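Chain residues, written in single-letter form:
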Amino acid sequence: MITAKHIAYGVGDTQILDDVCVSLKPGTVTAILGPNGAGKSSLLKCLSGTLSPCRGDIYFNGVNLQGYPLEDLSRRRGVLSQSIALHFPFTVFELVMMGRYPYIDSPASQDDKQVVQWALESVDAWSLKDRVFPSLSGGEQQRVQLARVLGQIWAQQQACLFLDEPTAALDLKYQHQIFQLIGQLADDYALTVCVILHDPQLARRYCDQAILMQQGQVFAAGSTARVLAPENIECVYEVPPDWIGGWVPL
Amino acid sequence: MNTLSRQLIRPLPVLGLRIPVLALLGLLLLFALLVVISIGAVSVPLSALFSAQLSDQQLAVISAIRLPRVLLSAIVGAALAVSGAAMQSLFRNPLADPGVIGIASGAALAVALVIVLAGPLSGVFALYSLSFAAFVGGLMTCLLIFLFTGINGSFSASYMLLAGIAINTLSGAATGLLSYLSDDQQLRALTFWTMGSFGGALWPGVIVAATIVLPALFLLIRNARALNILLLGNEEARQLGVDSKRLQRRVIICTALCVGAAVAVSGIIGFVGLVVPHLIRLTLGPDNRLLLPASALLGALLVVLADTVARTLVSPAELPVGILTSLIGGPFFLWLLVKQYGGRMGL
């Protein structure tokens, strides 16, 4: 459960988030949508505690995020950033094992190895486990990073998962598989999931709630079907109606 | 994409071999130390060394000259190699090196100041004042870079790297100016110091270096796992529960201590901090839990061997060991550069 009350965030004179109030509930998948530069990533980073808002408070399971100990948070909250560059030749297995950092004393215990295997299998990447991470394709890297974040909060109750465009580099099959997996995890572990994505179709299909952002403010929030109604999309993205709603016949 | 990542699969699941690998390197180092002690102008056969049947002269040579020298070179080698490995993790860049962020050049500037401005110094006092100056210079540079990156608040690696380059240039220019002002004898002293040598190794130097370097190495190796996590990025490390700012601060201070102490007792010995971690990474992988201790042992081993070559090759004269390491390290660095970035630039 995450509640943000009147948060604002800015860098220098640029106001990025302005008086944003949102609430994310356990067991639900909430999508954040909006045009480029609308403040989606900043909102995600504030909610996940990666950035501190200039004003306003964020409550994580009822506790103010400001004073939440780093170690406790790291077992309760996984974050997948948009791009993570790694120039050192760690294997996929080692990389996902890094997600278990909050739990283990070296060397890795059997349990952690098991979790790494489960996490990799859940994103269909177990066969890559001995590959060197920087040699993977973009989509493979994205799935492996997702596995690392899933491993970090594996089987934790009341945990939160923040994903910044987790399917940006994935093919059609994996886009659907990953969202099905996320929905399953949200149901099974009462996970609070918050995900940035650009495809309204995917959001309508797999997300319970949606937040539509425009110029640093919440344009609409609530059930996906209502928030992502064609007139809202048309207004926020400034696109003609026939661009919305899927396939345009050639 | 660099060479390291072009290998698709690493040959060994190495971390399980941590203890045997380190034990092997440790034994190699021990063996090298014994052999190296027996080499020199006064011959000390290994058999005599092992059976402890040494003449008074041999004993004196070993205890007063060779042992401190060999130990000092081992400590300096370990300090430089581990500092290099830790810097590379800190900057998330396999080409970073303590020399790069200006610690060594800051130390050199301080030494130049003492040589040129303090007037003629002689004997043991000269040695100490130079060592102390180098140490203070290195530490000041580090604090300066730290201050700059602190103002910026982000502790971003590129910011630190650019600040280091600027400081490198500045202290290089200041050192150049001092060389220009100096007389012939000062110039000679300055030049020899920047070449690096263990020629003046004495027990106090060994003790001072050991008391600074060993705790710093210990602290760095203890933070090896957190350093692995730091490679993912500052934000990612924080998300995994690593206080990245505190870790970065700790690594900077420890490397400053190591490099400052090393430069203080031996002058500038280049490329050890770059080459040694690379050799380990190419063979054993990038995991800092293995990389840091293995770098310490291999760095010690290589510098001990290099110093032995430097003092025996043109015996009874001596080659400055810094020249030797740079002669070997320079081409190695170029080879690395071409191999790593060749594909990317279409060479």
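The structure reproduced in this document is the subject of the present report. Keep in mind that what you see is a predicted model, and the values were worked out from it rather than measured.

So, how was this worked out
- Residues numbered from 1 in each chain as written.
- Chains lettered and ligands numbered in written order.
- Predicted model: local features only at pLDDT ≥ 70, side-chain atom pairs only at ≥ 80, totals over all residues.
- Heavy atoms only, no water.
- Helix = DSSP H or I, 4+ residues; strand = E, 2+ residues; numbered from the N terminus.
- Buried < 20%, exposed > 50% of the residue type's maximum accessible area, 1.4 Å probe, protein only.
- Contact = heavy atoms within 4.5 Å.
- Areas by Shrake-Rupley, 256 points an atom, 1.4 Å probe, with all protein chains shown as cover.
- Pairing = 2+ DSSP bridges.
- Axes fitted to C-alpha atoms, helices over the stretch in contact; angles between N-to-C directions.

1. Observations concerning the overall build of chain B
Looking only at helices and strands, chain B features 15 helices and 0 strands. Within the span of chain B, comprising 347 residues, buried residues form 54% of the whole. A fraction of 78% describes how many contacts in chain B between residues 6 or more apart in sequence connect residues 24 or more apart. As displayed, chain B has an accessible area near 15200 Å², and 74% of this comes from carbon and sulfur atoms.

2. What to know about unusual backbone geometry
You will see that Asp 19 of chain A, though not glycine, has its phi angle at about 50°, which is positive. Here Asp 19 of chain A is to be found in strand β2 (residues 14-24).

3. Describing the environment of Met 87 of chain B
Residue and element names in this part refer to chain B. Looking at the element boundaries, Met 87 is found in helix α4 (residues 56-91). Among the residues examined, Met 87 registers a relative accessible area of 0% and is labelled buried. As for Met 87 and Ser 315, which are separated by 228 residues in sequence, their C-alpha atoms are 36 Å apart. In this view, Met 87 contacts Ala 96, Pro 98, Ile 101 and Thr 255; residues no more than four positions away in its chain are not counted.

4. A few points about the sheet that holds strand β9 (residues 209-214) of chain A
Residue and element names in this part refer to chain A. Read from one edge of the open sheet, 6 strands run β6-β7-β8-β3-β9-β10, paired in mixed fashion. The outermost strands of the open sheet, each flanked by one partner alone, are β6 (77-80) and β10 (217-223). Direction aside, the axes of adjacent strands within the sheet are offset by 15° on average. As judged from the 6 bridges shared by β9 and β10, these two strands associate in the antiparallel manner.

Read these as spatial facts, not as claims about activity.
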